[in-house]
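# A look at the structure
This is what each chain is made of:
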Amino acid sequence: RTLGARAGGQRLALWRLLPRGWRDTPAQRRLLHRMTGFLAVLIIPLAVSVHSVLGWAFAITSFRPWWNEELWAPLFVIAALYSGIALVIVSLAALRRGYGLQDYITDRHFTRLSLVLVPFGAAYLYMSVADFLPGAYHGQPSTAVVFRKLLVGTYAP
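Per chain, residues are indexed from 1 in the order of the written sequence. Local features are withheld for residues below a pLDDT of 70 in this predicted model, meaning they are given only at 70 or higher, and side-chain atom pairs are given and counted only at 80 or more; totals for whole chains, interfaces and linings count all residues. No hydrogens and no water enter the side-chain calculation; it runs on all heavy atoms of the structure.

This part is about the overall build of the chain. Secondary structure elements follow DSSP: runs of H or I of four or more residues count as helices, runs of E of two or more count as strands, with numbering from the N terminus. Regarding its fold elements, the chain presents 6 helices and 0 strands. Counting from the amino terminus, the chain carries its helices and strands in the arrangement α-α-α-α-α-α. Note on contacts: a residue pair is in contact if any heavy atoms of the two residues lie within 4.5 Å. The long-range share in the chain, meaning contacts at least 24 apart out of those at least 6 apart in sequence, stands at 54%. Where accessible areas are quoted, they stem from the Shrake-Rupley method and a 1.4 Å probe; at the residue level, only the protein chains shown are allowed to cover. About 12000 Å² of surface is accessible on the chain, with carbon and sulfur atoms providing 68% of the total.

The structure is reproduced here in structure tokens:
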């Protein structure tokens, strides 16, 4: 039994409706591959610019202690990549279990995604430490209060 037949009548009807006009011709395949490559390249600078602008907006519009750091733009980009990969892992695990796709989504996929997640986690940790150190070093009163609460006070682990 195919995956479409196992999915049920409503989903099968939806899968028949969505690819309207698709005949799997060589020209359609070339266009599909060209557009997929184009979108894959386009999404990278778009994601970086969106998260950089968001980090920059937080840094310049807030009067809270420790929120005026120059590191926020790259920190937001790293955090978005890190959480995006984690979301892919969680989504794949749910799809694998929910639809019985163990033959298609194997442990090898999770291992490889985890290997991609590790450097982003390390970069996020480095950027977080790099964000804390200058604020702790210059010792402005408002920043010192936040630093104390994070390390030994209310918000300490």
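This part covers the nonpolar core. To qualify as a nonpolar core, a set must consist of buried Ala, Val, Leu, Ile, Met, Phe, Trp, Tyr and Cys residues joined through side-chain atoms within 4.5 Å. The buried label goes to any residue with under 20% of its type's maximum accessible area, the exposed label to any with over 50%, and the partly exposed label to all in between, with areas taken from a 1.4 Å probe on protein chains only. Ile 85, Ile 89, Leu 101, Ile 105, Phe 110 and Leu 117 form the largest nonpolar core, which has 6 residues in total. Listed by contribution, the elements that provide at least two residues to this core are helix H4 (72-99) and helix H5 (107-138).

Another aspect to go through is unusual backbone geometry. With a phi angle near 60°, Asp 24 is a residue other than glycine that sits in the positive phi range. In this structure, Asp 24 sits in the loop between helix H2 (9-17) and helix H3 (26-61).

Surface patches are drawn from residues lacking salt bridges whose relative accessible area is over 30%; two like charges belong together within 9 Å, two nonpolar side chains (Val, Leu, Ile, Met, Phe, Trp, Tyr) within 5 Å. Put simply, a salt bridge is a Lys or Arg side-chain nitrogen that is within 4 Å of an Asp or Glu carboxyl oxygen. Taken together, the side chains of Leu 31, Met 35, Phe 38, Leu 39 and Leu 42 define a hydrophobic patch exposed on the protein surface, amounting to about 480 Å² of accessible area. Tracing the chain through its elements places Phe 38 in helix H3. Of the residues examined, Phe 38 reaches a relative accessible area of 47% and is grouped as partly exposed.

With that settled, the discussion passes to the packing of aromatic side chains. Only Phe, Tyr and Trp rings are paired, with Trp represented by its six-membered ring, and only when their centres lie within 6.5 Å; those with planes under 30 degrees apart are stacked, over 60 edge-to-face, the remainder tilted. Applying the stated rule across the entire model yields 2 aromatic pairs. Summarising the aromatic geometry, the rings of Trp 72 and Phe 76 are spaced 5.4 Å apart at their centres and angled 35° between planes, so their arrangement reads as tilted. Residue Trp 72 and its partner Phe 76 are both found in helix H4; the two are separated by 4 residues, about one turn of the helix. The exposure classification of Trp 72 matches that of Phe 76, with both residues buried.

This brings us to the layout of surface pockets. As defined here, a cavity is a set of points on a 1 Å grid over the protein atoms alone where a 1.4 Å probe fits but cannot get out. A pocket is an open set with protein on both sides within 12 Å along at least five of seven lines, and residues line them when an atom is within 4 Å of a point. Grid points are joined across faces, edges and corners, and a volume is the space filled by probe spheres set on the points. Within this model, the largest pocket holds a volume of roughly 150 Å³. Those elements that provide at least two residues to the lining of the largest pocket are H3 and H4. Looking at the lining of the largest pocket, the element that brings in the most residues is H3, giving 6 residues. Note on residue classes: Ala, Val, Leu, Ile, Met, Phe, Trp, Tyr, Cys and Pro are nonpolar, Asp, Glu, Lys and Arg are charged, and everything else, Gly too, is polar. Within the lining of the largest pocket, the residues separate by chemical class into 8 nonpolar, 1 polar and no charged.

It is worth spelling out the confidence of the model for the chain at this point. In the predicted model, the chain carries a mean pLDDT of 84, and the fraction of residues at 70 or more is 89%. Summarising per-element confidence for the chain, the mean pLDDT is lowest in helix H1 (residues 3-7) (58) and highest in H4 (92). Known as pLDDT, the predictor's confidence for each residue is given on a scale from 0 to 100.

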